[in-house]
Amino acid sequence: MLHLTDKELKRLVHHDFDGIDLFYDRINKEIISTPDEPDADRYEPIYELSYSEHLSTMEAFVEQLPEGKDKEDLRKRLRADVTYSEFNEAVGLTRYKADWHTFSQEMLTARFRREIALSLGLEEDEDIDDDVTNDVSAFDDAVYDVDADRDDQPFEFDWMEREYGIKLSDGNVRGTAPEVLALRESLTEEDLKNPGPHIKSLEEMVERYPNDPKIAMELAGLYAMTGKELKCRRIMERVVRDHSDNIAVIIGQAMSIEDPDTFMREVNKLQQPLDIRNYPAGEGGAYHALEFLDFEEMAIRAALDANDLTRAVMRLDRLVRFGFLHGDVEEITIGVCLLQIDAVREVHAGNPNPYEATEWTGETDITERTQAIIDATMHIALDIYKRAEAQHPVATVKRLKPKVGRNAPCPCGSGKKHKQCCLKK
């Protein structure tokens, strides 16, 4: 049993890990600063949470907020790879400052509790109480990380070309300059925390390679992250004007749109059905594997916004069969799970706890691995859904019924336009 009070865990949340090191004393069962006499059997070092842990906390908080300008602004911050401290400052400028404080305290203390317990070799049922298991981070890694032993799995390039006629490669099919590739590969989390030097390097690259839109888009993202919105907008306007047929620009422009209706209008302008082969391939007639992933994420989001769960699951299964790991497809799988939860709620209207359907039961057959990924991600989706319901019971994360337009007659029967009636409620 892990004996740590909430007060001790909150101390970790606010601790500066660049300064004094902290350890868990196995004998006295408490957190201490650097021990006088190092003893590896007694003192277990406590490490700072990773950026991915902080990012998932920030994403979970934003997703449970009601739709509005604050939520949209925070989402834009997250897309720009904002640091935790920068996100904290951004939330402080909204009306959700107090909510964020409570939410982050709960999430991060649960994550620290779990990380310490795992480092001590404790079993999940020994160290995590019922309150903690309600947190996203408290689920068993053996279930959640379904690809823990598959990191070296190769992509199934031959299978993709044989089954779907799509030629993919993990090579430099777009002829990107070697120094640009080297710059991208050298990017670290520290660069994102202190992006100044990286911004300067990208600015130099943009001058050297003005015809490479991806470099300009990366620079625009960093400008947005650091509050230079005007510079970001100017770059993106130029990129869209000069490279309107570039697949990376097409995907980036569509995926930057938060509003579902606007997103669908943008996607419907593209060649239908959505197929990466509608756009020019690279060297040897191949598309880059990550390029394909980005395109499929866009297509799956379009399917979800159209409430076509079967099509979304089918495309997700294709990505998984090709060889993408759980972490690569986690975000789009969350969307699939949320729509699946909503479908169950529609079918079982009035059921106070309709959260049993964690298995895909549609007409399309999927692989066991895809099903395992959906099962694992369902924990996250359920947490997002429950938090949204708890704070805003009348709101839903996804809807199967058509969205009522702003100028359409209000469904309540008042005779007024929707924007003049229930849309404001």
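To be clear, the structure that these remarks concern was listed above.
Reading the values: rules and limits
- Residues numbered from 1 in each chain as written.
- Predicted model: local features only at pLDDT ≥ 70, side-chain atom pairs only at ≥ 80, totals over all residues.
- Heavy atoms only, no water.
- Helix = DSSP H or I, 4+ residues; strand = E, 2+ residues; numbered from the N terminus.
- Contact = heavy atoms within 4.5 Å.
- Areas by Shrake-Rupley, 256 points an atom, 1.4 Å probe, with all protein chains shown as cover.
- Buried < 20%, exposed > 50% of the residue type's maximum accessible area, 1.4 Å probe, protein only.
- Pairing = 2+ DSSP bridges.
- Phe/Tyr/Trp six-rings, centres within 6.5 Å; stacked < 30°, edge-to-face > 60°.
- Lys NZ or Arg CZ within 6 Å of the ring centre and 35° of its normal.
- Axes fitted to C-alpha atoms, helices over the stretch in contact; angles between N-to-C directions.

**Observations concerning the overall build of the chain**
Turning to step 1, where the next piece is worked out: Looking only at helices and strands, one finds 19 helices and 5 strands in the chain.
Turning to step 2, where the next piece is worked out: By sequence separation, contacts in the chain at least 24 residues apart represent 61% of the contacts at least 6 residues apart.
Turning to step 3, where the next piece is worked out: Surface exposure of the chain reaches about 23200 Å², of which carbon and sulfur atoms provide 49%.

**Looking at the pairing of strand E1 (residues 22–25)**
Turning to step 1, where the next piece is worked out: Neither face of E1 is open: one carries Leu22 and Tyr24, the other Phe23 and Asp25, and all of them are buried.
Turning to step 2, where the next piece is worked out: Between the antiparallel neighbours E1 and strand E2 (residues 30–33) lie 4 residues, among them Lys29 with a positive phi of about 55°.
Turning to step 3, where the next piece is worked out: Two strands pair when backbone bridges link them, and E1 and strand E3 (residues 43–46) are joined in this way by 4 bridges, in the antiparallel orientation. Following the sheet pairing, Asp25 is matched in E3 by Tyr43.

**So, the packing of aromatic side chains**
Turning to step 1, where the next piece is worked out: A full pass over the atoms with the stated rule returns 9 aromatic pairs.
Turning to step 2, where the next piece is worked out: Consider the rings of Phe155 and Phe157, whose centres lie 5.8 Å apart with planes at 75°: the pair is edge-to-face.
Turning to step 3, where the next piece is worked out: Among the aromatic residues, those joined into a cluster by ring pairs are Phe155, Phe157, Phe292, Phe322 and Phe324.
Turning to step 4, where the next piece is worked out: We note Arg301 situated over the ring of Phe263; from NZ or CZ to the ring centre the distance is 3.7 Å.
Turning to step 5, where the next piece is worked out: Lying across the ring of Tyr164, Arg318 places its NZ or CZ 4.6 Å from the centre.

**Concerning the sheet that holds E2**
Turning to step 1, where the next piece is worked out: Read across the open sheet, the 3 strands follow the order E2-E1-E3; overall the sheet is antiparallel. Sheet topology places E2 and E3 at the edges, where each strand pairs with a single neighbour. Adjacent strand axes in the sheet meet at a mean angle of 40°, parallel and antiparallel pairs treated alike.
Turning to step 2, where the next piece is worked out: As judged from the 4 bridges shared by E1 and E2, these two strands associate in the antiparallel manner. Bridging from a neighbouring strand, Asp25 pairs with Glu30 of E2.

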